[in-house]
Amino acid sequence: MTTVALKPATMAQALTRALRDAMAADPAVHVMGEDVGTLGGVFRVTDGLAKEFGEDRCTDTPLAEAGILGTAVGMAMYGLRPVVEMQFDAFAYPAFEQLISHVARMRNRTRGAMPLPITIRVPYGGGIGGVEHHSDSSEAYYMATPGLHVVTPATVADAYGLLRAAIASDDPVVFLEPKRLYWSKDSWNPDEPGTVEPIGRAVVRRSGRSATLITYGPSLPVCLEAAEAARAEGWDLEVVDLRSLVPFDDETVCASVRRTGRAVVVHESGGYGGPGGEIAARITERCFHHLEAPVLRVAGFDIPYPPPMLERHHLPGVDRILDAVGRLQWEAGS
Amino acid sequence: MTVMEQRGAYRPTPPPAWQPRTDPAPLLPDALPHRVLGTEAAAEADPLLLRRLYAELVRGRRYNTQATALTKQGRLAVYPSSTGQEACEVAAALVLEERDWLFPSYRDTLAAVARGLDPVQALTLLRGDWHTGYDPREHRIAPLCTPLATQLPHAVGLAHAARLKGDDVVALALVGDGGTSEGDFHEALNFAAVWQAPVVFLVQNNGFAISVPLAKQTAAPSLAHKAVGYGMPGRLVDGNDAAAVHEVLSDAVAHARAGGGPTLVEAVTYRIDAHTNADDATRYRGDSEVEAWRAHDPIALLEHELTERGLLDEDGIRAAREDAEAMAADLRARMNQDPALDPMDLFAHVYAEPTPQLREQEAQLRAELAAEADGPQGVGR
Ligand SMILES: Cc1ncc(C[n+]2csc(CCOP(=O)(O)OP(=O)(O)O)c2C)c(N)n1
């Protein structure tokens, strides 16, 4: 066995590699969106693709999200595999009509005759000091739409592996890219063929015995940090990275909660009507007798995303997570 | 340095040379809708084609009345009739080659049937047994589309993809006058023109979007004028003149196939029936208007032309009607059978592989169906 020297790479680089490898492997893969060509996207994720594969395969479209996704539907109908980029989370909203009324249900309405293999890449979440409309966490909208897969990597290796899987999927995948992790580095070998990760499986990023933190995307590093900090207080926290919100890996999540008996769900998007409520309910339904305390949520506030100078008060941080962990010492009747 | 401080040194320069990207003149539609029937141009029209159009119009009208009758019998949940608009529907179907694609709206069942789709399969959406009763790829007919104008970008994308693959396929997309106000109409036309996609947009301007007249929909001189701003030709045609619609669409399809890019065609027509069987049209329009349009009926126009020129006689008319009657009888008979539905189909086509969550729900429904078969159940039993 040869050992591979792992080099640091950013999530953005891994995403670029995934797009390049997918395009090289399958001529049906087309990348399209605003500024994805010459510029390489505002986050440079599509950097070099137009040069390597031509403008027909990496296309700067007119500035129109419904048009981008709507034409991608027609392209997929004709056998292509479009990978569309929505420039920022809040700018995907004009495309919701196409997403919800067509992309998500074309397979269903045609009884399987016309699946749409479209990948919709959406940079999402805050923490980068963006002005309004550049920091939304929109995952709950996507999760609420049957027919879509919703995937969000938190590591460099997953960014590669899950994006390859998303592009290979015969179903539409909303691929949420945590934009504050674009520049986070990880040990990953950019010179080796990456591995494709199946969609729908959560992983335990850190094992522990006293409680489980369930999280995904941008909040994973925060949870890992919180888990380290909690050691000082005698808490041995397990951290589960969901990676996929649809389908949902009940098995991994419940196995962990059954071991630890306590759970906190952590995410940036608002708590009310947010993913955490769904996850807490699933855990309660399946693991009630194993629970030592109610499942808690640490979420963003239920407010429109705040201006950058205030966002640190909004985003779930280590202290808020530790505070919730403290509340897990719950006693019935207290 | 502020602008004020600069002022002394500032010398205004003329803007860099500006030129229009396209000469708008050849893109502009004619002032009056193009007509063939009743004009000298009709003499040049191919008799075979005219006869074919006639037979299809008669079938189409009968199809509309039969489908409307099926709503009264509760066999169809709803039917948006295209009576009065048959010339557009039929011409749209007939100008396309087999490899081309049709993108219909919810009103365009008839275009799908004229293209060869089984009339029963075409009605599943409206009957309520399944959303789309056919394989779109097999017939190259996209699912009948209900959200207005959203099928237009699909047509553009498909046409673009076909061209990228080197196939000389054209997409023809149908939309109503109301649909032209939607954002997707704009985005589709813009993409089509920028990409020079081989797509033809046919607006059936039938005067109303449910109850709202065209004057409240747009202030444009015509809907065909909208094309010019996107850089594509706009064409205006008499939508009740089957020969004219066929000619204008054929030209647009040929133009697209030859690499000339998209065209926007506005067909001026009228919806004789109410919006659907559930609508009361007397609330928003008067009888005299309807009667004026009845006098410009697409079947009568063509019938007149054909008989004048000795291309059609009583026997021919009777034959067309008998053929239409047979189609209607067959449709009636088959629609009066209850469709066989499998409730487990609910889960069959949500994803390629059902999610674990859907598998659980599938098991739940299966158990419910088994319990139902075993007789009534009480709470907690
Ligand atoms: C996005 C959207 N909004 C509203 C409706 C409800 N609706 C159905 S038909 C219709 C009028 C459409 O008029 P037009 O485009 O002129 O087509 P026509 O019915 O005359 O064929 C409306 C408002 C719809 N189907 N889709």
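It should be emphasised that the depicted structure is a prediction, and the values quoted were computed from it without experimental measurement. (Residues numbered from 1 in each chain as written. Chains lettered and ligands numbered in written order. Predicted model: local features only at pLDDT ≥ 70, side-chain atom pairs only at ≥ 80, totals over all residues. Heavy atoms only, no water.)

Some thoughts on the UniProt feature "domain: Dehydrogenase E1 component" (unreviewed entry) in chain B
Alright, step 1. Here, the residues flagged by UniProt with the feature "domain: Dehydrogenase E1 component" (unreviewed entry) are residues 67-342 of chain B.
Alright, step 2. Along residues 67-342 of chain B the backbone is 44% helical and 11% strand, and the end-to-end C-alpha distance reaches 25 Å. (UniProt positions renumbered as here; feature names shortened; annotations may be inferred. Helix = DSSP H or I, 4+ residues; strand = E, 2+ residues; numbered from the N terminus.)

As for the site of the ligand
Residues and elements named next belong to chain B.
Alright, step 1. Around the ligand sit 15 residues, and of these Tyr106, Arg107, Gly178, Gly179 and Asn206 come closest.
Alright, step 2. Here an oxygen atom of the ligand and a backbone polar atom of Phe208 are 2.9 Å apart.
Alright, step 3. Within the complex, 73% of the 580 Å² of free accessible area of the ligand lies under protein.
Alright, step 4. Taken together, the residues of the shell around the ligand sort by class into 6 nonpolar, 6 polar and 3 charged. (Near = heavy atom within 4 Å. Polar contact = N/O pair within 3.5 Å; in protein donor to acceptor, adjacent residues only side chain to side chain. Areas by Shrake-Rupley, 256 points an atom, 1.4 Å probe, with all protein chains shown as cover. Nonpolar A, V, L, I, M, F, W, Y, C, P; charged D, E, K, R; others polar.)

Considerations on the interface of chain A and chain B
Alright, step 1. Counting residues at the interface gives 46 residues for chain A, matched by 42 residues for chain B.
Alright, step 2. Where chain A abuts chain B, roughly 3,600 Å² becomes buried across the two surfaces, and 62% of that area is made up of carbon and sulfur atoms.
Alright, step 3. Contact with chain B buries surface across chain A, with Met77, Tyr78 and Arg111 of chain A losing the most and accounting together for 21% of the total.
Alright, step 4. Ionic pairing is found between Arg286 of chain A and Glu360 of chain B, a salt bridge with its closest N-O pair at 2.8 Å.
Alright, step 5. Counting the contacts that link chain A with chain B gives 21 residue pairs in polar contact (both at pLDDT 80 or more).
Alright, step 6. Secondary structure elements with two or more residues in the side of chain A that touches chain B: strand E2 (29-33), helix H3 (65-77), helix H4 (96-103), helix H5 (106-109) and helix H10 (275-287) of chain A.
Alright, step 7. In terms of residue count, the dominant contributor to the side of chain A that touches chain B is H3 of chain A (11 residues).
Alright, step 8. Here the residues of the side of chain A that touches chain B are counted per class, giving 20 nonpolar, 16 polar and 10 charged. (Contact = heavy atoms within 4.5 Å. Buried area = accessible area lost by both parts, 1.4 Å probe. Salt bridge = Lys/Arg side-chain N within 4 Å of Asp/Glu carboxyl O.)

As for the UniProt feature "domain: Transketolase-like pyrimidine-binding" (unreviewed entry) in chain A
Alright, step 1. The feature "domain: Transketolase-like pyrimidine-binding" (unreviewed entry), as given by UniProt, occupies residues 9-184 of chain A in the numbering adopted here.
Alright, step 2. Taken as a whole, residues 9-184 of chain A contains 36% helix and 17% strand, while its terminal C-alpha atoms sit 8 Å from one another.

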